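Architecture at a glance
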Amino acid sequence: MFVFYNNDDIPQNGRFSYFGSDFGTVAGFDQYIDGYIFAVDALYNYYISCDSYRNDILDTIIYPLCFNYRQIIELKIKYLYFKYSVTDERDNENFVKRVSHKLNKAWLEVKPYLLPLLTRMNSLMDMTLFDEFIDEIDSFDSDSFRMRYPIKKDLTLVHSAPVKLDVIGLHSKMFELFNMFNQLDKELDGIILNNNYNVDLINDIVRIFNNCKDEISYISNYLTELAEKEEIEHKETTVYSLGDYVQNDNFKNPHSNMFETTINELTSEKAALLGILIQVGREIVDGSCKLSINGAERKKDFFKLIEVMLTVCKDFISFDGSYTNSNMCYTLFEKSYMVSSKWLNTSLDIMKKCIEN
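These lines cover the structure that appears in this document, whether it is placed above or below. The structure displayed is predicted, hence computed values, not measured ones.

**Brief notes about helix α12 (residues 295–312)**
Between its first and last C-alpha atoms α12 spans 25 Å; for 18 residues at 1.5 Å apiece the expected length is 26 Å, and the two agree. Along α12, the positions that sit buried rather than exposed are Asp301, Phe302, Phe303, Lys304, Leu305, Ile306, Glu307, Met309 and Leu310. Structurally, the start of α12 carries an N-cap: the backbone nitrogen of Ala296 is 3.1 Å from a side-chain oxygen of Asn294.

Here it is as structure tokens:
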């Protein structure tokens, strides 16, 4: 029955499913959620496309359909817990055992982790809507048995009396809830969950910045001028073919030797600060990291991001003189001035505000 294929082998029919490659808990939940949503769509489309007299379909397909709705909600709640709770493996294991398949119980444990994060982002999401939806689903099927089996564990009937259900209305509301979960995740995705930073480390960074902020600002202004010039040159360049690109030197780095000299003449400490500010700005501009809107929390987020990026970039940025200036500030020589300028100016503006406040 279960025939598995290795390496490049595939079934004769040419179709197969490749699963189990989620590479992590959160990614794994994502894949399961997507799969169950595909299944819901298939079941629902079969339901609405069949003839109205096909009670053999209308009155039976409701069981797997409703079970899948509930399963998606359960997966989404547990996905949020694993992604945003900042708990260790033991806590995660205990959570799964504790809540079992109880939606309301799971939601009440997840919600306290989400509320402070939403506050930091000044979110306008109405969390009471989640409460109402989940309460209603939990009331309909509190232990996930109602649509899986006709009897409970003690052999009593799960349905005390027949009911007539508006499946089209239910489907619409369920997808409204799915979209609410997606919006919730979107608002929080990229936020720094634990923004408690190393105070001594950041005090050193701030000290270095205060000692060289004029030089960093000069470089920022210099970079902005080069970026503006570069933007004008790009607009004026008319390109008709690959040969035109080569002739106009668009395949080469258009960097200024004078600017490169300015960077290389910095002390190693200043170059390290410049390099890390660029990398931090890159994370913010690219959307990899989302800073809080709230002033105090935003400051903590930014300083924590500096600390994190120093670890991430430890193989080419260091304040102990281990690397050359060109290595620590490599983006200034390998990326366009427009890109590097946006990264540096974004980070520099936030840094100045953090110090002022």
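**What to know about the nonpolar core**
Within the largest apolar cluster, 51 residues are counted, with the highest numbers of intra-cluster contacts made by Trp107, Phe130 and Leu184. Looking at this core, the elements that each hand over two or more residues are α1 (25–49), α2 (55–58), α3 (62–84), α4 (89–99), α5 (103–120), α6 (127–140) and α7 (167–188). Per element, the largest residue contribution to this core is 13 residues, and it comes from α3. Once you skip the residues sitting within four places of it in the chain, Trp107 turns out to touch Ile77, Leu80, Leu114, Met127, Phe130, Asp131, Ile134, Phe181 and Leu184. Leu266, Phe303, Ile306 and Cys313 belong to the second largest nonpolar core, which has 46 residues in total.

**Section: α5**
Here α5 contains 18 residues, and its C-alpha end-to-end distance of 26 Å stays within 8% of the 26 Å for a straight helix at 1.5 Å per residue. Taken as a whole, α5 carries its principal kink of about 35° at Lys111; the proline Pro112 stands between one and four residues after it. Every buried residue of α5 is accounted for by Leu103, Ala106, Trp107, Val110, Lys111, Leu114, Leu117, Leu118 and Arg120. Looking at the buried residues of α5, the elements they touch are α3, α4, α6, α7 and α12. Phi turns positive, to about 50°, at Asn122, one or two residues after α5.

**Things to note about a nonpolar patch on the surface**
On the surface, Met1, Phe2, Phe4 and Phe19 cluster together to form a nonpolar patch covering roughly 690 Å² of accessible area. Considering the arrangement of structural elements, one finds Met1 in the segment before α1.

**Some points on unusual backbone geometry**
For Val86, which is not a glycine, the phi torsion comes out positive at approximately 55°. Mapped onto the elements, Val86 comes out in the loop between α3 and α4. Accessibility expressed as a relative area gives 51% for Val86, which makes it exposed. Within the chain, Leu155 stands out as a residue other than glycine whose phi angle is a positive 75°.

**Things to note about the pattern of salt bridges**
Opposite charge on two side chains makes pairing possible when the charged atoms of those side chains draw close. This model, assessed by the stated rule, comprises 16 salt bridges. Between Asp56 and Arg54 there is a salt bridge, and its shortest N-O distance comes to 2.8 Å. Of the residues examined, Asp56 reaches a relative accessible area of 46% and is grouped as partly exposed. For Asp141, the salt bridge identified is with Arg70, shortest N-O distance 3.9 Å. Separated by 71 residues along the polypeptide, Asp141 in the loop between α6 and α7 and Arg70 in helix α3 bring together distant segments of the chain. A relative accessible area of 3% places Asp141 in the buried class.

Rules behind the numbers
Residues numbered from 1 in each chain as written. Predicted model: local features only at pLDDT ≥ 70, side-chain atom pairs only at ≥ 80, totals over all residues. Heavy atoms only, no water. Helix = DSSP H or I, 4+ residues; strand = E, 2+ residues; numbered from the N terminus. Expected span 1.5 Å × (residues − 1). Buried < 20%, exposed > 50% of the residue type's maximum accessible area, 1.4 Å probe, protein only. Polar contact = N/O pair within 3.5 Å; in protein donor to acceptor, adjacent residues only side chain to side chain. Core = buried A, V, L, I, M, F, W, Y, C linked by side-chain atoms within 4.5 Å. Contact = heavy atoms within 4.5 Å. Bend = angle between axes of the 7 residues up to and from the residue. Patch = residues over 30% accessible without salt bridge, like charges linked within 9 Å, V, L, I, M, F, W, Y side chains within 5 Å. Areas by Shrake-Rupley, 256 points an atom, 1.4 Å probe, with all protein chains shown as cover. Salt bridge = Lys/Arg side-chain N within 4 Å of Asp/Glu carboxyl O.

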